[in-house]
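In case you want the letters, here they are:
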Amino acid sequence: MSGIKSYKELLIWQKGIKIVVLVYKLTQNFPKEEIYALTSQIKRASVSIPSNIAEGFGRQTDKSFNHFLNISRGSLNELETQLILAKELEFNLDEKILTEIMLLIEEESKMIHSFSKKLKE
């Protein structure tokens, strides 16, 4: 990670932020009775992605950073599962935003995996 001074320079963090913004847009029209249930879980899972990347970066050891990258990947899987549930439950979803989020989840997972492998080298 030589040369990187801030987690904000990491593309995996930047993509994580983009996912959060899109998730918040997507959930605006979810059923009100879900605000403290699935909607809340979806938002928390999305926020966890860039948050764990930032926290891992701050730990300043590759082993610790890898641990937090693994948590971020777990949050990606959690988010994807919850979005599938929202679709199956026929929540009011903007299909364009949902498709974009799902593509970003796939890209982000691959990027985090590659980054994690580099840290282990």
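Anyway, here's the lowdown on the structure attached to this text. What you see is a predicted model; the values in this text were computed from it and never measured. (Residues numbered from 1 in each chain as written. Predicted model: local features only at pLDDT ≥ 70, side-chain atom pairs only at ≥ 80, totals over all residues. Heavy atoms only, no water.)

### A look at the environment of serine 46
Logical step 1: By the secondary structure assignment, serine 46 is in helix α2 (residues 38-59).
Logical step 2: You can call serine 46 buried: its relative accessible area is 0%.
Logical step 3: Taking the C-alpha atoms as reference points, serine 46 and proline 31, 15 residues apart in sequence, are found 19 Å from one another.
Logical step 4: Sequence-distant contacts of serine 46, that is, excluding residues within four places in its chain, are made with Ile19, Val20, Val23, Tyr24 and Leu79. (Helix = DSSP H or I, 4+ residues; strand = E, 2+ residues; numbered from the N terminus. Buried < 20%, exposed > 50% of the residue type's maximum accessible area, 1.4 Å probe, protein only. Contact = heavy atoms within 4.5 Å.)

### Some thoughts on the nonpolar core
Logical step 1: Among the nonpolar cores identified, the biggest contains 31 residues, and Ile53 and Leu79 are the most heavily contacted of them.
Logical step 2: Listing elements by their share of this core, those giving two or more residues are α1 (11-27), α2, α3 (62-88) and α4 (95-120).
Logical step 3: Top element by residues in this core is α4. It accounts for eight residues.
Logical step 4: Residue contacts for leucine 79: discarding those within four places in its chain leaves Ile19, Val23, Ile42, Ala45, Ser46, Ile49 and Ile105. (Core = buried A, V, L, I, M, F, W, Y, C linked by side-chain atoms within 4.5 Å.)

### Some points on unusual backbone geometry
Logical step 1: You will see that glutamine 60, though not glycine, has its phi angle at about 65°, which is positive.
Logical step 2: With respect to the helices and strands, glutamine 60 occurs in the loop between α2 and α3.
Logical step 3: Owing to a relative accessible area of 69%, glutamine 60 belongs among the exposed residues under this scheme.
Logical step 4: In this structure, glutamate 90 takes a positive phi of about 60° despite not being glycine.
Logical step 5: Looking at where glutamate 90 falls in the secondary structure, it is placed in the loop between α3 and α4.

### So, the packing of aromatic side chains
Logical step 1: Counted according to the given criterion, the structure contains four aromatic pairs.
Logical step 2: A centroid spacing of 5.3 Å and a plane angle of 70° characterise the contact between tyrosine 7 and tryptophan 13, whose relative ring orientation is edge-to-face.
Logical step 3: Geometrically, the ring pair formed by phenylalanine 30 and phenylalanine 91 is edge-to-face, given 5.0 Å between the ring centres and 75° between the ring planes. Taken together, the residues phenylalanine 30 in the loop between α1 and α2 and phenylalanine 91 in the loop between α3 and α4 connect sequence positions 61 residues apart. The residues phenylalanine 30 and phenylalanine 91 share a single accessibility class, namely buried. (Phe/Tyr/Trp six-rings, centres within 6.5 Å; stacked < 30°, edge-to-face > 60°.)

Coordinates in, geometry out; function isn't part of it.
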